[in-house]
Amino acid sequence: MSQLRPDQLAAHLKQNLLPVYFVHGDEPLQVAECTDLIRAAARQQGYTDRQVFSVERGFDWESLRAAADSLSLFSEQRILELRMPNGKPGDKGGRALRGYTDQLPADTLLLITSGKLEPAARRSKWVQSLESAGASIAVWPIDAGQLPAWINRRMRDKGLQPDAEAVQILADRVEGNLMACAQEIEKLCLLQEPGPVNASTVEDAVVRSARYDVFGLVDAALLGQVARSQKMLSGLRAEGIEPTVVLWALSRELRSLASMAAELKKSVAITQVLAAARVWDKRKAAVTAALQRISHNKTQSLLRRCGQLDRVIKGRAPGSSWDELLQLTLQIAGVRLVESR
């Protein structure tokens, strides 16, 4: 069978199952969903017994062969699940996997999951033997350009009909984290009836689930709302939000501002800059206000401050994380701070 794409798997599993499936990649949600599909299809076809092996340092590869050779107590069809996080079975593991495929046990499905494979591993004999005996499913990360389409398909599969801005808001907020995105869509399904979903619905039902959220803080700072920014930062601290999360949101916005400010220096119209950066309508006022106030050189200075703040948070530099976050937020909001020497 050789290779399958993740989007081909569901249709394939409606046919007869293969004796071996090898799912590999570094995108956890897609790997988990592929393996869930395989397990569910196997259960429907009578594979009721399941044995799990985790490949760690010192793993006994003979245990896999012993399990393959043993008979289930009630002669049930069974799944042998081999979890191999680093995708490196070593010489002994490679031989064990080739030996397994040379003598496939009856009524047994071998399901292997692994992290991303290096190019040399994809050409190895043990991978080729698995693909010859069954199928491998390579899972690749979804890049920023593909993410809106992925979100749109997933929401529509759940009965939701999002408009383009609703999709873009969600894409901007999760920044490529499919697991977080899937969780947000699930929350939205609980709060929203099937049907149309607009930007306001996403903002109100998903993004702003906390009283004070980091994205609200970012927008307040961009708008130059000093008192509100201070209040929201205090609220985030009181709610137990980690400083790293706040720094992530602020530094992410500063990187975006730096890129846009560089374009403005080239005399590109701000409408073109905002469109190229895919700034959605509800945030254009905040981003425009910040770009009129913060120069490209200033964004670079603030990003260097983010680097210093990261070291403070990690305990590698002296200082208070929350005090430093307050100063960074105030600077973004337009307050000029006088540093003591």
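Structure's up top.
A quick note: this is a predicted structure, and the numbers were derived from the prediction, not measured.

1. A few points about the nonpolar core
- If you look at the biggest cluster of nonpolar residues, it comprises 33 residues, and the most contacted ones within it are Val 246, Leu 328 and Ile 332.
- Of all the secondary-structure elements, those providing two or more residues to this core are α11 (214-222), α12 (226-238), α13 (243-265), α14 (270-276), α15 (284-293), α16 (296-313) and α17 (321-332).
- Broken down by element, the residue count for this core peaks at eight residues, all from α13.
- Among residues more than four places away in sequence, those in contact with Leu 328 are Leu 247, Leu 250, Leu 254, Leu 302, Arg 305, Cys 306 and Leu 309.
- Of all hydrophobic cores here, the second largest spans 23 residues; its members include Leu 147, Trp 150, Met 155 and Trp 280.

2. Description of the pattern of salt bridges
- This structure, assessed with the given rule, holds 14 salt bridges.
- A salt bridge links Glu 184 to Lys 187, with the shortest nitrogen-to-oxygen separation between them at 3.3 Å. Of this pair, Glu 184 and Lys 187 are both found in helix α9 (residues 178-191), three residues apart, which corresponds to roughly one turn of the helix.
- Here the residues in one salt-bridge network are Asp 36, Arg 39, Arg 50, Glu 81 and Arg 83, joined through shared partners.

3. Regarding the packing of aromatic side chains
- With the rule as written, the count across this model stands at four aromatic pairs.
- An angle of 90 degrees between the planes, with centres 5.0 Å apart, marks the rings of Phe 59 and Trp 61 as edge-to-face. With respect to class, Phe 59 is no different from Trp 61; both count as buried.
- Ring geometry for Phe 215 against Trp 248: centres 5.9 Å apart, planes inclined by 80 degrees, an arrangement best described as edge-to-face.

4. Digging into the side chain of Arg 154
- Structurally, Arg 154 is set in helix α7 (residues 147-157).
- Residues in contact with Arg 154, not counting those within four places in the same chain, are Leu 29, Glu 33, Ala 182 and Ile 185.

5. Observations regarding the sheet that holds strand β2 (residues 20-25)
- Strand order across the open sheet formed by six strands is β1-β6-β2-β5-β4-β3, with parallel pairing between neighbours. Looking along the sheet, the strands with just one partner apiece sit at the ends: β1 (2-4) and β3 (47-54). The sheet shows a mean angle of 20 degrees between the axes of neighbouring strands, taken without regard to direction.
- Against the sheet, helix α2 (residues 28-44) makes contact with β2, β3, β4 (77-84), β5 (108-114) and β6 (135-139), and its axis sits at roughly 175 degrees relative to β5, the strand it touches most.

6. What about the packing of α12 against α17?
- The interhelical angle for the contact between α12 and α17, taken along N-to-C directions, is 155 degrees, at an axis separation of 10 Å. Considering their axes alone, α12 and α17 lie roughly antiparallel with respect to each other. As for how α12 packs across α17, the hand of that crossing is right-handed. In contact with Val 226, Ser 229, Gln 230, Leu 233, Leu 236 and Arg 237 of α12, α17 contributes Trp 322, Leu 325, Leu 326, Thr 329 and Leu 330.
- Classifying every residue of the contact of α12 with α17 gives seven nonpolar, three polar and one charged.

7. Things to note about the pairing of β5
- For β5, a buried count of seven out of seven residues is recorded, marking the element as mostly surrounded by other parts of the structure.
- Residues of β5 alternate between two faces, with Thr 108, Leu 110, Ile 112 and Ser 114 on one and Leu 109, Leu 111 and Thr 113 on the opposite face, all of them buried.
- The pairing of β2 with β5 spans five bridges and is parallel. Paired with Tyr 21 across the bridge in β5 is Leu 111.
- Regarding the hand of the β-α-β motif, the stretch spanning β4, helix α4 (residues 90-102) and β5 is right-handed.

How each quantity is defined
Per chain, the residues get numbers from 1 upward, laid out in the order the sequence is written. At least 70 in pLDDT is required for a residue's local features to be given in this predicted model, at least 80 for side-chain atom pairs to be given and counted, and no such filter applies to totals for whole chains, interfaces and linings, which use all residues. Hydrogens and waters are ignored; side-chain quantities use all the structure's heavy atoms. Residues grouped as a nonpolar core are buried Ala, Val, Leu, Ile, Met, Phe, Trp, Tyr and Cys residues, joined through side-chain atoms within 4.5 Å. Note on exposure labels: buried denotes an accessible area under 20% of the residue type's maximum, exposed denotes more than 50%, and partly exposed covers the range between, all computed with a 1.4 Å probe on protein chains only. Where helices and strands are cited, they refer to DSSP runs of H or I of at least four residues and of E of at least two residues respectively, numbered from the N terminus. Contact criterion: two residues are considered in contact whenever any of their non-hydrogen atoms come within 4.5 Å of each other. Salt bridges, as used here, are contacts in which a Lys or Arg side-chain nitrogen is within 4 Å of a carboxyl oxygen on Asp or Glu. Only the six-membered ring of Trp is used, alongside the rings of Phe and Tyr, when aromatic pairs are assigned; centres must lie within 6.5 Å, and planes under 30 degrees apart are stacked while those over 60 apart are edge-to-face, with the rest tilted. Should DSSP find at least two bridges between two strands, the strands are regarded as paired. Fitted lines through C-alpha atoms give the axes, limited to the stretch in contact for helices. The angle between two N-to-C directions lies from 0 to 180 degrees. Convention used here: angles under 35 degrees read as roughly parallel, angles over 145 as roughly antiparallel, angles from 65 to 115 as roughly perpendicular, and any remaining angle as oblique. Each helix crossing is assigned a hand: it is left-handed if the near helix lies turned anticlockwise from the far helix by less than a right angle, otherwise right-handed if that turn is clockwise. Amino acids are sorted into nonpolar (Ala, Val, Leu, Ile, Met, Phe, Trp, Tyr, Cys and Pro), charged (Asp, Glu, Lys and Arg) and polar (every other residue, Gly among them). Look down the strands so they point away from you; if the path from the first strand over the helix to the second goes clockwise, the crossover is right-handed.

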